[in-house]
Amino acid sequence: MRNKIPCSAERLSLLDPPMIQGVVDRNAFHLGSQYLSENRVRIVEANEAQISSAVIGNSGLYEQTIRLKDGHLVSRCSCSLPEEPMCRHCIAVLLEYHRWVQPRTKKARQNPVPMSSEASNGNTVPPSNFTADLKLSEVMAFIEWLNPVMKALEKGERLPEQSHLSGDLAAWVQTIRTLDERRRESEEIQLTLESEQREREAYVERMTQQLQASMAEVKAAQSQLQHLQQEVAAYQDMFVKVAEIASEVGGYDSQMKTIAGELISKGTQLDKLANSFREVAVALKTIAKPGSTP
Ligand SMILES: [Zn+2]
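Going along each chain's sequence as written, the residues are numbered from 1 onward. Given that this is a predicted model, residues contribute local features only at a pLDDT of at least 70 and side-chain atom pairs are listed and counted only at 80 or more, while totals for whole chains, interfaces and linings are drawn from all residues. Side-chain numbers here rest on the full set of heavy atoms in the structure, without hydrogens or water.

**Section: the coordination of the zinc ion**
Metal coordination here is assigned from N, O and S atoms located within 2.8 Å of the ion, or within 3.2 Å for Na, K and Ca; omission of water means that sites may look incomplete. The protein atoms donating to the zinc ion are Cys77 (SG), Cys79 (SG), Cys87 (SG) and His89 (ND1), with metal-donor distances spanning 2.1 to 2.3 Å. Geometry is assigned from donor-metal-donor angles: four donors are tetrahedral when every angle falls between 85 and 135 degrees, four are square planar and six octahedral when opposite donors sit over 155 degrees apart with all other angles between 65 and 115, and any other arrangement is irregular. Geometry at the zinc ion is tetrahedral, judged from the 4 donor atoms that bind it and their angles of 105 to 113° at the metal. Every donor residue of the zinc ion comes from the same chain, spaced as C-x1-C-x7-C-x1-H. In this pair, the class of Cys87 matches that of His89, namely buried. Only protein chains enter the calculation, and the probe is 1.4 Å; a residue is then buried if its accessible area is under 20% of its type maximum, exposed if over 50%, and partly exposed in between.

**Here's the deal with the pairing of strand 2 (residues 41–46)**
In short, DSSP must find at least two bridges between two strands for them to pair. Strands here are runs of E lasting at least two residues and helices are runs of H or I lasting at least four, both read from the DSSP assignment and numbered beginning at the N terminus. Relative to strand 3 (residues 50–57), strand 2 runs antiparallel, the two being bridged by 5 bridges. For Ala46, the partnering residue across the bridge sits in strand 3 and is Ile51. Between the antiparallel neighbours strand 2 and strand 3 lie 3 residues.

**What to know about the sheet that holds strand 4 (residues 60–69)**
Here we have 5 strands laid out as an open sheet, ordered 1-5-4-3-2, and antiparallel in their pairing. This sheet does not close on itself; its edge strands, each paired only once, are strand 1 (2–6) and strand 2. Looking at each pair of strands side by side, their axes are set apart by 20° on average, direction ignored. Axis definition: a line fit to C-alpha positions, over the contact stretch in the case of helices; interaxial angles, taken between N-to-C directions, run 0 to 180 degrees.

**Section: the pattern of salt bridges**
The salt bridge definition used is simple: a Lys or Arg side-chain nitrogen within 4 Å of an Asp or Glu carboxyl oxygen. Counted according to the given criterion, the structure contains 12 salt bridges. Close ionic contact of Glu83 with Arg88 constitutes a salt bridge, the shortest N to O distance being 2.5 Å. The buried category is assigned to Glu83, whose relative accessible area is 11%. Arg182 is the salt-bridge partner of Glu185, the closest N and O atoms lying 3.8 Å from each other. Taken together, the residues Glu185 and Arg182, both in helix 5 (residues 167–292) and 3 residues apart, mark about one turn of the helix. By relative accessible area, which is 25% here, Glu185 ends up partly exposed. Judged by relative accessible area, Arg182 falls into the partly exposed class, the value being 22%. Residues participating in the shared-partner salt-bridge network are Glu96, Arg99, Arg182 and Glu185.

**Things to note about a nonpolar patch on the surface**
Taken together, the side chains of Leu136, Met140 and Ile143 make up a nonpolar region of the molecular surface, amounting to roughly 320 Å² of accessible area. Secondary-structure assignment places Met140 in helix 4 (residues 136–155). Any residue with relative accessible area above 30% and no salt bridge may belong to a patch, with like charges joined within 9 Å and the nonpolar Val, Leu, Ile, Met, Phe, Trp and Tyr side chains within 5 Å. Surface exposure here means Shrake-Rupley accessible area, sampled with a 1.4 Å probe, where a residue is shielded only by the protein chains that are shown.

**What about the packing of aromatic side chains?**
Stacked, edge-to-face and tilted labels apply to pairs of Phe, Tyr and Trp rings (six-membered ring for Trp) whose centres lie within 6.5 Å, assigned for plane angles under 30 degrees, over 60, and everything in between, in that order. If you walk through the whole model with that rule in mind, you get 3 aromatic pairs. Seen in terms of ring centroids, Phe142 and Trp172 are 5.8 Å apart; in terms of plane orientation they differ by 65°. Their pairing is edge-to-face. With Phe142 in helix 4 and Trp172 in helix 5, this residue pair connects regions lying 30 residues apart in the sequence. For Phe142, a relative accessible area of 10% translates into the label buried.

**Focus: the side chain of Arg177**
When you line up the elements, Arg177 lands in helix 5. Sequence-distant contacts of Arg177, that is, excluding residues within four places in its chain, are made with Trp145, Leu159, Pro160 and Glu161. Note on contacts: a residue pair qualifies if any of its non-hydrogen atoms lie within 4.5 Å across the two residues.

**Thoughts on a positive patch on the surface**
Residues Arg2, Lys4, Lys69 and Arg76 make up a contiguous surface patch of positive charge. With a relative accessible area of 54%, Lys4 lands in the exposed category. All tallies of charge rest on Lys and Arg as positive and Asp and Glu as negative; His and the ends of each chain are not included. To locate a charge, take atom NZ for lysine, CZ for arginine, CG for aspartate or CD for glutamate.

**Considerations on the environment of Val74**
If you trace the backbone, Val74 turns up in strand 5 (residues 72–77). Between the C-alpha atom of Val74 and that of Ile5, which follows or precedes it by 69 residues, the distance is 6.5 Å.

**Remarks on unusual backbone geometry**
Here the residue pair Glu84 and Pro85 is connected by a cis peptide bond, since its omega of -5° sits within 30 degrees of zero. Along the polypeptide, Pro85 turns up in the loop between strand 5 and helix 3 (88–110). Of note, the phi angle at Asn39 is positive, near 60°, even though the residue is not glycine. Positionally, Asn39 belongs in the loop between helix 2 (26–37) and strand 2. On the basis of relative accessibility, which here comes to 28%, the residue Asn39 falls in the partly exposed class.

The structure is reproduced here in structure tokens:
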């Protein structure tokens, strides 16, 4: 899907969740937020003008390119969802990007800068209190805080709180904490990915076994088929022989009929001959009688 929305923001980080929500479809926004919370978004490459990313959707991995160009937000996703003006994947990516840049823009936000899309008139140059004097006591507190932080980092534990600092030092503390959270999230993602990979490997193994079993079945079926073919060939031979015998029997039958016909005609002739003999005998008797009586 490719979409183009007019957008006056000059940087992608200016697109905050409420602003995105105000523009996109309600249901798509809900699903995009859900994808974000389920860690399904991977930002491959990003800057303030363009994001390349991938999102694990419900039926596969989709790739997105989102960029700001000539007063428009142009989004492209490899999915085919009809969601307008932007699919849930692109929404999830924009939300993830916003979350991703938060630690960097935090400082800017502490000094209120209008975040509406209309307000981006030039880069947000940090106001004057950015260079406010650092109090020595706060610097010492910060350094003191760093000690347990190093230990916690070594042990992989959560970083200790530090709420007594202000200004830049507080921002630094927040940045360190955010980076640590990111690291934890990455580790969690890595663990999830590893377990997913193990599951996939097990699945592939199962499939391979099934495939092997199926191939063995196919082989068995093929050899059965060969047997059947041989039997069919043997039956065909037998059938040819039976047909030959049947035709021979037919020949004999017609010969028998001919012979029987001949016998019948001979019988008739013999009957006629016998009658002739009888007539001759009667005639002879008639002739002999007058001769003997005189
Ligand atoms: Zn999509």
